[in-house]
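Structural characterization, general
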Amino acid sequence: YLWMTVFCAGIFMCIKAYEYTTDFSEGLYPGKFYSHHGDLIAGSHGYATFFSFYFMMTGLHGLHVLIGMGLMSWLAIRASRGEFSDKYYTPVDLVALCWHVVDLIESYLFPLYY
C-alpha cells in the first residue's frame, strides 16, 4: 500500500500540474503578474489577491505532498528489506501521521478554494 499511496499522490500532482498550466495559459498569475482579460470587475485587485493566496496555499500543499511521496518511497524501500516488524515500526507511524496531516489540510483547502 505504500507504493499505491505514492502512485495516487503522483496522480494528484499531475492533476495539479495540469490545473496550474491551464491557469497560467489564461493569465491567472499571482499578485502583480495577474493578466487575465475579461474580468467582471475591470481593474479589480480582488482576483489577483485571490490567485496569490490560491497559488501560495495549493503550492505549499503540493510541496508537502512531494515531501510525503519521498518519505513514503523511503518507507517502502525499507519495508521491502524487512526492516519493520511488530516490535519496530516507529518510522511508519510517524510518516503516516505526517501524511494524514497533509491530507487533512487538503480536506480544508479543497472546499475553500474550489
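The residue numbers shown here count from 1 along each chain, following its written sequence. Given that this is a predicted model, residues contribute local features only at a pLDDT of at least 70 and side-chain atom pairs are listed and counted only at 80 or more, while totals for whole chains, interfaces and linings are drawn from all residues. Computation of side-chain values covers all heavy atoms of the structure but excludes hydrogens and water.

Looking now at the overall build of the protein. The secondary structure content of the protein amounts to three helices and zero strands. Secondary structure follows DSSP: runs of H or I at least 4 residues long count as helices, runs of E at least 2 residues long count as strands, and numbering of each begins at the N terminus. Going from N to C terminus, the protein has its helices and strands arranged as α-α-α. Taken over the C-alpha trace, the protein has a radius of gyration of 18 Å; the compact-globule value for 114 residues is 13 Å, which it surpasses by more than 25%. Three exposure classes are used, based on accessible area relative to the maximum for each residue type with a 1.4 Å probe and protein chains only: buried under 20%, partly exposed in between, and exposed over 50%. Looking at the protein as a whole, 30% of its 114 residues are labelled buried. When the accessible area of the protein is evaluated, it comes to approximately 7,900 Å², of which 71% is carbon and sulfur surface. A residue counts as positive if it is Lys or Arg and as negative if it is Asp or Glu; His and the chain ends are not included. Charge placement uses NZ in Lys and CZ in Arg. For Asp and Glu, CG and CD serve respectively. Averaging the coordinates of the 5 positive side-chain charges in the protein and doing the same for the 9 negative ones gives two points 12 Å apart. Here the radius of gyration uses the C-alpha set of atoms, whereas the globule reference equals 2.2 Å times the residue count to the power 0.38. Every accessible area reported is derived by Shrake-Rupley at a probe size of 1.4 Å, with residue values counting cover from the shown protein chains alone.

For the rest of this paragraph, the subject is the pattern of salt bridges. Between side chains of opposite charge, a pair can form when the charged atoms approach closely. Basic side-chain nitrogens of Lys or Arg form a salt bridge, by our definition, when they fall within 4 Å of a carboxyl oxygen of Asp or Glu. This structure, assessed with the given rule, holds three salt bridges. Where Lys16 meets Glu19, a salt bridge forms, and the shortest distance between an N and an O atom there is 3.0 Å. Placement of both Lys16 and Glu19 in helix H1 (residues 2-25) is noted, with a separation of three residues, approximately one turn of the helix. Of the charged contacts, one joins Glu83 and Arg81 as a salt bridge, the two residues approaching to 3.5 Å between their closest N and O atoms. Overlapping salt bridges, with partners in common, bring together Arg78, Arg81 and Glu83 in one network.

Here the focus is the packing of aromatic side chains. Two aromatic rings from Phe, Tyr or Trp, using only the six-membered ring of Trp, form a pair when their centres are within 6.5 Å; if the ring planes differ by under 30 degrees the pair is stacked, by over 60 it is edge-to-face, and anything between is tilted. By the definition in use, this model includes twelve aromatic pairs. With centroids separated by 6.1 Å and ring planes inclined at 35°, the aromatic side chains of Phe51 and Phe55 adopt a geometry described as tilted. Of the two residues, Phe51 and Phe55 both sit in helix H2 (residues 46-80), four residues apart, roughly one turn of that helix. Here Phe51 matches Phe55 in class, with each residue buried. Taken together through their ring pairs, the aromatic side chains of Tyr20, Phe24, Tyr29, Tyr34, Phe50, Phe51, Tyr54 and Phe55 make up a single cluster.

Looking now at the side chain of Ser73. Mapped onto the elements, Ser73 comes out in helix H2. For Ser73, the side chain forms a polar contact with the main-chain oxygen of Met69, separated by 2.9 Å. The contact rule is simple, with two residues in contact once any of their heavy atoms fall within 4.5 Å. The contacts of Ser73, once residues within four sequence positions are left out, are Trp3 and Val6. Any pair of nitrogen or oxygen atoms within 3.5 Å is treated as a polar contact; in protein, a donor-acceptor pairing is required on top of that, and neighbouring residues in sequence qualify only through side-chain atoms on both sides.

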